[in-house]
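Fold and contact review
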Amino acid sequence: MSPALIIQGLTKRYGSLTAVDRFSLELRQGTVFGLLGPNGAGKTTLIKMLTTLMRPTSGDAFIQGESIVTAGKRVRALIGVVPQENNLDRYLTAQENLVLHARLHGMAPRDYLPRIDRFLELTGLSSRRNDFPDTFSGGMQRRLVVVRALIHLPRLLFLDEPTTGLDPQSRRALWEQLRTLRSEMTIFLTTHYMDEADSLCDRIVIMDHGASLVDGSAQELKERYAHAHIYELELRRDGDRYEELFQLLPQVTSLERERDSFRIVLRDEESLKPLMDSIQSGDIRRICLVEPSLEEVFLDLTGKMVRE
Ligand SMILES: Nc1ncnc2c1ncn2[C@@H]1O[C@H](COP(=O)(O)OP(=O)(O)OP(=O)(O)O)[C@@H](O)[C@H]1O
Ligand SMILES: [Mg+2]
């Protein structure tokens, strides 16, 4: 089976800023792919190029073999897009928004009307179909944008932060919906929710400064970074003294403290012995090895400073 998406050295420059820097990727059909990265990493810029809303500075990408640079029209027929900002037509009702979209894709009413009914039902919006989007809550607008992206049966669905602003129920409902769609289409999403990427995506790329840092399943990424050797250590006494002492140990790369509990990241496997030697026997209440979460892998790779 040919790949659903091939990205080859895609680059976007805004003046002197390189927002996406020679990004390459190949996605198998039916993958749920998650693109993670801090604010400003280049996720939306990448999606805008892939969905033909923006021309790349250089490089190309192919959706079912069609170039985003030279075959924009054919690409647009193959994709569904949920942009980061809701872009519903506020002068059309929910139903009219969906019908317009279907007609722009050349669909006949007998094909789109049943789909519209089914999706509105599925997303709990049926009773609001004749209302204007401005009268919807943020989460309801989001759900409508997702429905709209699905009406024309895309082969590849792009979702830029689809669940930002959704309540936990709607988030989970959308995850369920995406899971059922995976047999019909490939899904490319961005998210800032690590639990979402963890539970939904078969493959994850963490990007920063326009480039990919790591690529793998959630489990692979966690295993690859498990060598970070994170320990939770609880002491019976002398927290202040030990804090100073741990800070001086060259084997300790990061230290967090809450009263007598420490979260210690060690440099390597051999670092455990010097740490243990520095503590008087009897002072340890509990020590355990912590498996890193996807969030820790993310912070480890992209740093802890807040972005623009
Ligand atoms: N139209 C534009 N003109 C100039 N610079 C831009 C433009 N759009 C984005 N940028 C810059 O490109 C970089 C990447 O932005 P982008 O929106 O792709 O990030 P992102 O990963 O989607 O971030 P977020 O998580 O906040 O949505 C940022 O430094 C941003 O300031
Ligand atoms: Mg973005």
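Here, residues in each chain are numbered from 1, in the same order as that chain's written sequence. Labels follow written order: the first chain is A, the first ligand is 1, and so on. Per-residue local features are limited, in this predicted model, to residues with pLDDT of at least 70; the limit for side-chain atom pairs, both in listing and counting, is 80 or more; totals at the level of whole chains, interfaces and linings are taken over all residues. Excluding hydrogens and water, the side-chain values take into account all heavy atoms of the structure.

**Description of the nonpolar core**
Among the buried residues, those of types Ala, Val, Leu, Ile, Met, Phe, Trp, Tyr and Cys that are joined through side-chain atoms within 4.5 Å form a nonpolar core. Three exposure classes are used, based on accessible area relative to the maximum for each residue type with a 1.4 Å probe and protein chains only: buried under 20%, partly exposed in between, and exposed over 50%. Within the largest apolar cluster, 46 residues are counted, with the highest numbers of intra-cluster contacts made by Ile151, Leu157, Leu178, Ile187 and Ile204. Helix numbering and strand numbering both begin at the N terminus, where a helix is a DSSP run of H or I of at least 4 residues and a strand a DSSP run of E of at least 2. If you tally residues by element for this core, the top one is helix α5 (residues 138-150), at seven residues. Once residues lying within four places of it in the same chain are set aside, the contact partners of isoleucine 151 are Leu98, His101, Ala102, Met107, Tyr112, Arg115, Ile116 and Phe119. Of all hydrophobic cores here, the second largest spans 26 residues; its members include Leu35, Ala41, Met54 and Phe158. Whether two residues are in contact is decided by their heavy atoms, any of which lying within 4.5 Å being enough.

**Some points on the domain arrangement of the protein chain**
A domain assignment, automatic or from a database, supplies the domain bounds used here. The domain boundaries assigned to the protein chain delineate domain 1 (5-217) and domain 2 (226-291). Each of domain 1 and domain 2 has a C-alpha centre, and the two are 44 Å apart.

**So, the site of ligand 1**
Being near a molecule or strand, for a residue, means having at least one of its heavy atoms within 4 Å of it. Taken together, 15 residues lie around ligand 1, and Gly40, Lys43, Thr44, Thr45 and His192 are the ones closest in. With respect to ligand 1, the side chain of tyrosine 14 contributes an N or O atom lying 3.3 Å from a nitrogen atom. Side-chain polar atom of glutamine 84 to an oxygen atom of ligand 1: 3.0 Å apart, as the coordinates give it. In short, Shrake-Rupley with a 1.4 Å probe defines the accessible areas, and a residue's cover is counted only from the protein chains shown. Within the complex, the protein chains bury 66% of what would otherwise be the 640 Å² of accessible surface of ligand 1. Ranked by residue count, the leading element in the shell around ligand 1 is helix α1 (residues 43-50), at three residues. Under the scheme applied, nonpolar residues are Ala, Val, Leu, Ile, Met, Phe, Trp, Tyr, Cys and Pro; charged residues are Asp, Glu, Lys and Arg; polar residues are all the others, including Gly. Among the residues making up the shell around ligand 1, the classes are represented as five nonpolar, seven polar and three charged. Definition of a polar contact: a pair of N or O atoms within 3.5 Å, with one able to donate and the other able to accept a hydrogen when the atoms are protein atoms, and with sequence-neighbouring residues admitted only if both atoms are side-chain atoms.

**Quick notes on the coordination of the magnesium ion (ligand 2)**
Sites may look incomplete because water is not among the atoms; the donors themselves are N, O and S atoms within 2.8 Å of the metal, or within 3.2 Å for Na, K and Ca. Coordination of the magnesium ion (ligand 2) by the protein is provided by Thr44 (OG1) and Gln84 (OE1), with metal-donor distances spanning 1.9 to 2.2 Å. Note that threonine 44 is positioned in helix α1 and glutamine 84 in the loop between β6 (79-82) and α3 (94-104), a separation of 40 residues in sequence. Taking the relative accessible area as the measure of exposure, threonine 44 reaches 24% and is therefore partly exposed.

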